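Per-entry structural report
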Amino acid sequence: MLKILRDSDFLAKLFKDMLKIRLFENKVVELYSNGIMPGLAHLYIGEEAVAVGVCNALSEQDYVTSTHRGHGHVIARGADLNKMMAEILGRRTGYCKGKGGSMHIIDMTKGLLGANGIVAAGIPIATGAGYSAKYRKTKQVSVVFFGDAASNHGNFHESINMAAAWKLPVIYVCENNLYGISVDIRKVTNTENIADRACAYNIPGQIVDGNDVVAVFEIAQKAVERARQGLGPTLIECKTYRWKGHHLADPGTIYRAEKERKEWIQKCPIKNFKERMIKNNTFSEKEIIIFENEIKELIDNATEFALNSSYPEKSEAYEDIYFSAKEEEVYL
Ligand SMILES: Cc1ncc(C[n+]2csc(CCOP(=O)(O)OP(=O)(O)O)c2C)c(N)n1
Ligand SMILES: [Mg+2]
């Protein structure tokens, strides 16, 4: 704790990474509300400390798998904002040439094995990446982010069982934001903590305040060390909350109490970290404004880049996919 609290460059990076996610997603909301963004996106607003704390504990060679709510993981891993925004706006300069959208951002150069629209599907992929790293003796670790609802999927149990038995270098990061779409996790799960399940596999299960970026970083760093030493996987449960609805078209208010939402907004990971840093004299208000302006510029540039890019041609619709039928055959 002391070591990183003294390193102001590192703390500035944590702050900027969280702010980048928040402001990027605010822009996504604006573009969607103005009818400029096609489809939907699942926002990470309120959960930024999880992705930023964990990804900053990794090295460049490590692997990450993400979810349908993936903007935060991808940005924290250093993805290119221009290519991200272009992808979300369906432009050919995007990560998947505009054909994947928000839920399919992938960047192999950053060890990002993909956001994923299938709940819990990233869990066995990260487990396989961990197996590969162990087999190749590379000392890489593999991290999977997944939600509370995903922890009730068979993939979770099968993957952790295998990783525990074979001591694979995998970190299982559960983002417990209390809901799977509209379903309250407390109504469909009989254990108070998802991390408690770790004992069934004889691995460490850690619970952390998912809105405290320093706490998340520290716990992730220990899990990474353990994995690199060949001691096997860790399950980390980050207690957090999504401020918005399940996706952009869901107001998120019908199935959740307003009081609960407001209490969590008080625990804003960015505001609280900023206040702490100012109180500790790590940064001044002026420096914070400089950081904010830097990030706004990046996001404005990304938006301009995306809006100035063209859409893919109709003739490209069947390129880059496993499906091999010709367009005319599909419509027969
Ligand atoms: C295998 C599968 N089943 C169901 C869905 C529909 N679905 C999309 S998101 C979601 C809930 C996910 O909740 P959680 O894992 O807690 O993640 P969160 O959305 O809260 O981040 C469901 C059921 C899906 N995409 N994939
Ligand atoms: Mg959830």
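This is a predicted model, so every value here is computed, not measured.

A word on the overall build of the protein chain. Across its full length, the protein chain holds 13 helices and 7 strands. Relative to the compact-globule value of 20 Å for 332 residues, the protein chain shows a C-alpha radius of gyration of 20 Å, a close match. In terms of overall dimensions, the protein chain has C-alpha extents of about 55 × 50 × 45 Å along its principal axes. Within the span of the protein chain, comprising 332 residues, buried residues form 52% of the whole. Long-range contacts, defined as pairs at least 24 residues apart, comprise 73% of the intrachain contacts of the protein chain with a sequence gap of at least 6. Surface accessibility of the protein chain: about 15,700 Å² in total, with carbon and sulfur atoms responsible for 54%.

Contact pair helix H5 (residues 81–88) / helix H12 (residues 285–307): the axes reach a minimum separation of 8 Å and the direction vectors enclose 50 degrees. Between H5 and H12, the angle falls in the class oblique. The two elements H5 and H12 cross, and the hand of that crossing is right-handed. The segment H5 lies against H12, with Leu81, Asn82, Lys83, Met85 and Ala86 engaging Leu298, Ile299, Asn301, Ala302, Thr303, Phe305 and Ala306.

A few words on the coordination of the magnesium ion (ligand 2). Protein coordination at the magnesium ion (ligand 2) comes from Asp148 (OD), Asn177 (OD1) and Tyr179 (O), with a distance range of 2.1 Å. Donor residues for the magnesium ion (ligand 2) sit on one chain with the sequence pattern D-x28-N-x1-Y. With Asp148 in the loop between strand S2 (142–147) and helix H7 (154–165) and Tyr179 in strand S4 (residues 179–180), this pair connects stretches of sequence that are 31 residues apart.

This prediction gives the protein chain a mean pLDDT of 95; 95% of its residues lie at or above 70. When mean pLDDT is taken per element in the protein chain, strand S3 (residues 170–176) scores highest with 99 and helix H13 (residues 327–330) scores lowest with 56.

Let us look at the site of ligand 1. Around ligand 1, the structure places 14 residues, and the nearest of them are His68, Arg69, Gly117, Asn177 and Tyr179. Between Gly117 and ligand 1, the recorded distance is 2.9 Å, taken from a backbone N or O atom to a nitrogen atom. Tyr179 places a polar main-chain atom, nitrogen or oxygen, 2.8 Å from an oxygen atom of ligand 1. Protein coverage of the free-state accessible area of ligand 1, which is 590 Å², stands at 72%.

It is worth spelling out the pattern of salt bridges at this point. If charged atoms from side chains of opposite charge come close, those side chains can pair. Counted according to the given criterion, the structure contains 17 salt bridges. Between Asp300 and Lys27 there is a salt bridge, with the nearest N and O atoms lying 3.8 Å from each other. Taken together, the residues Asp300 in helix H12 and Lys27 in helix H2 (residues 8–33) connect sequence positions 273 residues apart. A residue is classified by how much of its surface remains accessible, and Asp300, at 41% relative accessible area, is partly exposed. With relative accessibility at 16%, the residue Lys27 sits in the buried group. Measuring nitrogen to oxygen at the nearest pair gives 2.8 Å for the salt bridge that ties Asp184 to Arg186. Note on Asp184: relative accessible area 14%, which makes it buried. Three or more residues joined by partner-sharing salt bridges are found here, namely Lys27, Glu30 and Asp300.

Here we take up the nonpolar core. One finds Phe24, Met84 and Phe273 to be the most contacted residues of the largest nonpolar core, which totals 69 residues. The biggest single contributor to this core is H2, with 12 residues. When neighbours within four sequence positions are excluded, Phe273 is seen to be in contact with Leu11, Leu14, Phe15, Met18, Val213 and Val214. Of all hydrophobic cores here, the second largest spans 19 residues; its members include Ala120, Ile160, Cys174 and Ile194.

A surface patch of nonpolar side chains, about 460 Å² in accessible area, is lined by Tyr131, Tyr135, Met162 and Trp166. Tracing the chain through its elements places Met162 in helix H7.

Glancing now at the packing of aromatic side chains. Scanning all chains against the criterion turns up 10 aromatic pairs. Both rings, one in Phe15 and one in Phe283, keep their centres 6.5 Å apart while their planes meet at 45 degrees; by these two values the pair is tilted. Of the two residues, Phe15 is situated in helix H2 and Phe283 in the loop between helix H11 (269–279) and H12; the sequence distance between them amounts to 268 residues. Like Phe283, Phe15 is buried. Considering the side-chain rings of Tyr179 and Tyr255, the 5.8 Å spacing of their centres and the 55 degrees angle between planes classify their relative orientation as tilted. Of this pair, Tyr179 sits in strand S4 while Tyr255 is found in the loop between strand S7 (234–239) and helix H10 (258–266), placing the two residues 76 residues apart along the sequence. Overall, Tyr255 belongs to the partly exposed group, its relative accessible area being 21%. An aromatic cluster of at least three residues, connected via ring pairs, comprises Tyr179, Tyr241, Tyr255 and Trp264.

Reading guide: rules and limits
- Residues numbered from 1 in each chain as written.
- Chains lettered and ligands numbered in written order.
- Predicted model: local features only at pLDDT ≥ 70, side-chain atom pairs only at ≥ 80, totals over all residues.
- Heavy atoms only, no water.
- Helix = DSSP H or I, 4+ residues; strand = E, 2+ residues; numbered from the N terminus.
- Rg over C-alpha atoms; globule rule 2.2 N^0.38 Å.
- Buried < 20%, exposed > 50% of the residue type's maximum accessible area, 1.4 Å probe, protein only.
- Contact = heavy atoms within 4.5 Å.
- Areas by Shrake-Rupley, 256 points an atom, 1.4 Å probe, with all protein chains shown as cover.
- Axes fitted to C-alpha atoms, helices over the stretch in contact; angles between N-to-C directions.
- Parallel < 35°, antiparallel > 145°, perpendicular 65-115°, else oblique.
- Left-handed = near helix turned anticlockwise from the far one by under 90°.
- Donors = N, O, S within 2.8 Å, 3.2 Å for Na, K, Ca; no water.
- pLDDT = per-residue confidence, 0-100.
- Near = heavy atom within 4 Å.
- Polar contact = N/O pair within 3.5 Å; in protein donor to acceptor, adjacent residues only side chain to side chain.
- Salt bridge = Lys/Arg side-chain N within 4 Å of Asp/Glu carboxyl O.
- Core = buried A, V, L, I, M, F, W, Y, C linked by side-chain atoms within 4.5 Å.
- Patch = residues over 30% accessible without salt bridge, like charges linked within 9 Å, V, L, I, M, F, W, Y side chains within 5 Å.
- Phe/Tyr/Trp six-rings, centres within 6.5 Å; stacked < 30°, edge-to-face > 60°.

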